[in-house]
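Given next are the chains, with one letter for each unit.
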Amino acid sequence: MENHPTTVSYHLEASKFPWNIAPGKTVEAWGFNGQLPGPVLKAKKGDTLVVRIKNTLPEPTIVHWHGIRLPAAMDGTGDVQKPIGPGETFEYRFVVPDAGTFWYHSHANETVQMERGMYGALIVEDAGDPVFDQERVLMFDDMKLTADHQFTVPGGRLDRWGESHFGREGDTFLINGSETPVLGMAAGQMERWRLINASSARYIRLSIGGKPFRMIGTDGGLLETPRTMTDYLLAPGERIDAAVGPFAAGETLSIESLPYKGNHGKIRAGEHYGTVSVGPRQISRAFLPEQLRTIEPLAAQDAPATRKLKISLGLSLQNGADFQFNRTRHGLDQPVRVGELQIWEVNNSTLMHHPFHLHGFFFQVLEVDGKMPEYRAWKDTFNIAPSSKIKIAWMPDSRPGMWMYHCHVLEHHTAGMMANFEVVDPEQPAGQANHRHVNHCH
Ligand SMILES: [Cu+2]
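Cut-off values and rules
- Residues numbered from 1 in each chain as written.
- Predicted model: local features only at pLDDT ≥ 70, side-chain atom pairs only at ≥ 80, totals over all residues.
- Heavy atoms only, no water.
- Helix = DSSP H or I, 4+ residues; strand = E, 2+ residues; numbered from the N terminus.
- Rg over C-alpha atoms; globule rule 2.2 N^0.38 Å.
- Buried < 20%, exposed > 50% of the residue type's maximum accessible area, 1.4 Å probe, protein only.
- Salt bridge = Lys/Arg side-chain N within 4 Å of Asp/Glu carboxyl O.
- Donors = N, O, S within 2.8 Å, 3.2 Å for Na, K, Ca; no water.
- Pairing = 2+ DSSP bridges.
- Axes fitted to C-alpha atoms, helices over the stretch in contact; angles between N-to-C directions.
- Core = buried A, V, L, I, M, F, W, Y, C linked by side-chain atoms within 4.5 Å.
- Contact = heavy atoms within 4.5 Å.
- pLDDT = per-residue confidence, 0-100.

## Some points on the overall build of the chain
Tallying secondary structure elements over the chain gives three helices and 31 strands in all. Here the C-alpha radius of gyration of the chain, 21 Å, is about what a compact globule of 442 residues would show, namely 22 Å. Oriented by its inertia axes, the alpha-carbon framework of the chain measures out at about 60 × 50 × 45 Å. Each of the 442 residues in the chain was classed as buried or not, and the buried ones make up 57%.

## Thoughts on the pattern of salt bridges
All chains considered together, the criterion is met by 30 salt bridges. The partner of E28 in a salt bridge is K16, and the shortest N-O contact between them spans 3.9 Å. In this pair, E28 is assigned in strand β2 (residues 25-32) and K16 in strand β1 (residues 7-22), connecting sequence segments twelve residues apart. For E28, a relative accessible area of 41% corresponds to the partly exposed category. Take K16: its relative accessible area is 40%, and that puts it in the partly exposed class. One salt bridge connects E340 with R337, and the closest N-O pair in it is separated by 3.4 Å. Taking relative accessible area as the criterion, R337 reaches 42% and is therefore assigned partly exposed. If you follow the salt bridges from partner to partner, you end up with D129, E135, R192, R194 and D241 in one network.

## Structural notes on the coordination of the copper ion
Only H354 (ND1), C407 (SG) and H412 (ND1) from the protein coordinate the copper ion, and they sit 2.0 to 2.1 Å from it. Within one chain, the residues serving as donors to the copper ion are arranged as H-x52-C-x4-H. With H354 in strand β26 (residues 354-358) and H412 in helix α3 (residues 410-414), the pair connects residues that are 58 residues apart, well separated along the chain. The exposure class of H412 is buried, given its relative accessible area of 0%.

## Examining the environment of M418
Its place among the elements puts M418 in strand β31 (residues 418-424). Classification of M418 by relative accessible area gives buried; the value is 1%. Considered as a pair, M418 and A127 are 291 residues apart in the sequence and their alpha carbons are 37 Å apart.

## Let's talk about the sheet that holds strand β19 (residues 252-257)
Note on sheets: strands pair through backbone hydrogen bonds, and any given pair is parallel or antiparallel. Taken in spatial order, the five strands of this open sheet run β12-β20-β19-β14-β17, and their pairing is mixed. Of all strands in the sheet, those bounded by a partner on one side alone are β12 (182-187) and β17 (232-234). On average, each strand axis in the sheet is tilted by 30° relative to the strand beside it, whichever way the strands run. Across six bridges, the pairing between β19 and strand β20 (residues 271-281) is antiparallel. In the strand pairing of β20, S254 is matched with T275.

## Describing the pairing of strand β14 (residues 204-208)
β14 sits mainly inside the fold: four of its five residues count as buried. As judged from the three bridges shared by β14 and β17, these two strands associate in the antiparallel manner. From the neighbouring strand, L206 faces β17, where its bridge partner is Y232.

## Considering the pairing of strand β13 (residues 191-197)
In terms of burial, β13 is largely enclosed, as seven of its seven residues are buried. Neither face of β13 is open: one carries E191, W193, L195 and N197, the other R192, R194 and I196, and all of them are buried. Where strand β9 (residues 134-143) lies against β13, seven bridges are found, and the strand directions are parallel. The residue bridging L138 from the neighbouring strand is L195, located in β13.

## Considerations on the nonpolar core
Within the largest apolar cluster, 61 residues are counted, with the highest numbers of intra-cluster contacts made by W65, W344 and F356. Apart from the residues within four sequence positions on either side, F356 is in contact with L309, F325, W344, V346, F363, D380, T381, F382, I384, I392, Y405 and H406. Core analysis: the second largest hydrophobic core is formed by 28 residues, L138, F173, I240 and L253 among them.

## Digging into the confidence of the model for the chain
The predicted model of the chain has a mean per-residue pLDDT of 93, with 95% of residues at 70 or higher. In this model residues 432-442 is a low-confidence stretch, pLDDT under 50, and it forms 24 contacts with partners more than four residues away in sequence or in other chains.

## A short note on the side chain of T172
Here T172 is to be found in strand β10 (residues 172-175). Non-local contacts of T172, meaning those with residues more than four positions away in its chain, are made with I21, K25, D141, D142, M143, L145 and E179.

The following block contains the structure:
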């Protein structure tokens, strides 16, 4: 089976709108096409995606296509494009070269825009995908709201410090913009769930009623073989695909986050996100092969690091703490050259979790604290546990221009835990994406 590439076009309008998260609970959302999350964009591997975005928000925005290996100029950051001002329109156009579960979200004033709903899923299908009875996209989020459903604005100094330090976490838990929804599922069937953590800072140690599920994919598409588990710690920005079911008629399962030790240093109690209600039995046509695909290793586990990044907090009189890569806030790292294998060691010297996100390229994790991971996967977001060190491998292909890596806890990113770097192709100069034409303001 093969795909016949075509062009898929969407129109999105970014605006403010009232959004019901539960009966009698309306928030003033910011999002796409008056819905939260924005529409699920779908394309087939190899298609050209054209997304025209009109901004009717009162402030500029930029849209990032998280996980897509696209040209630098389409990546949606302040270093490669001018923000889309109020009343302006911008057309993103790129090929989607990989099948998988991706998402789009604001990359401007993120701590406000994403908290309010500026995100949606981008699903890239492949003719060779395994067959399921049903497919769902579940976007997880939390909102920090006042008693009358307004988004809180950090008031005092301590409040601001807390949000910047630990990230913004709320106690309103959403799946697809609904508070604790009930998902109906037929008994005897197996579904593909595409799970996306769209929250600003909250980790979700996902459990589906404690039942085993099979993880079949992650950020960069399918794994080599399904992996059975009962929970998975999904970091902000990260995705997994899971084969869920079959369950028995009449079962009720809680979609929840199990207790874990988060960035506040406290063990959190479980958090309830939604419910699966299993109805009458239906015939299943689902088939999950034991071999999903082959992922060639990019490098050996003992490959020496070509670059070392250190995540640290610095004392700052102004901010309380500076969030840094290599002791720099909002840095400009050394360029990389096309075709030169990158082996990066990323050392988290803090006592917090930080989800490391690389724009535009997938990496393989070679080592976590000196040990090889149990399975190979293509990742673009990987959680680095407190006082932990990872080694990753990635290959810059010929998409020259400015790229970036950052912590996907949005408040950490905003507080400086990011850097830009250039991918240089000596054979193909990058043109306007070559230099930083937008400066960060703080
Ligand atoms: Cu962080």
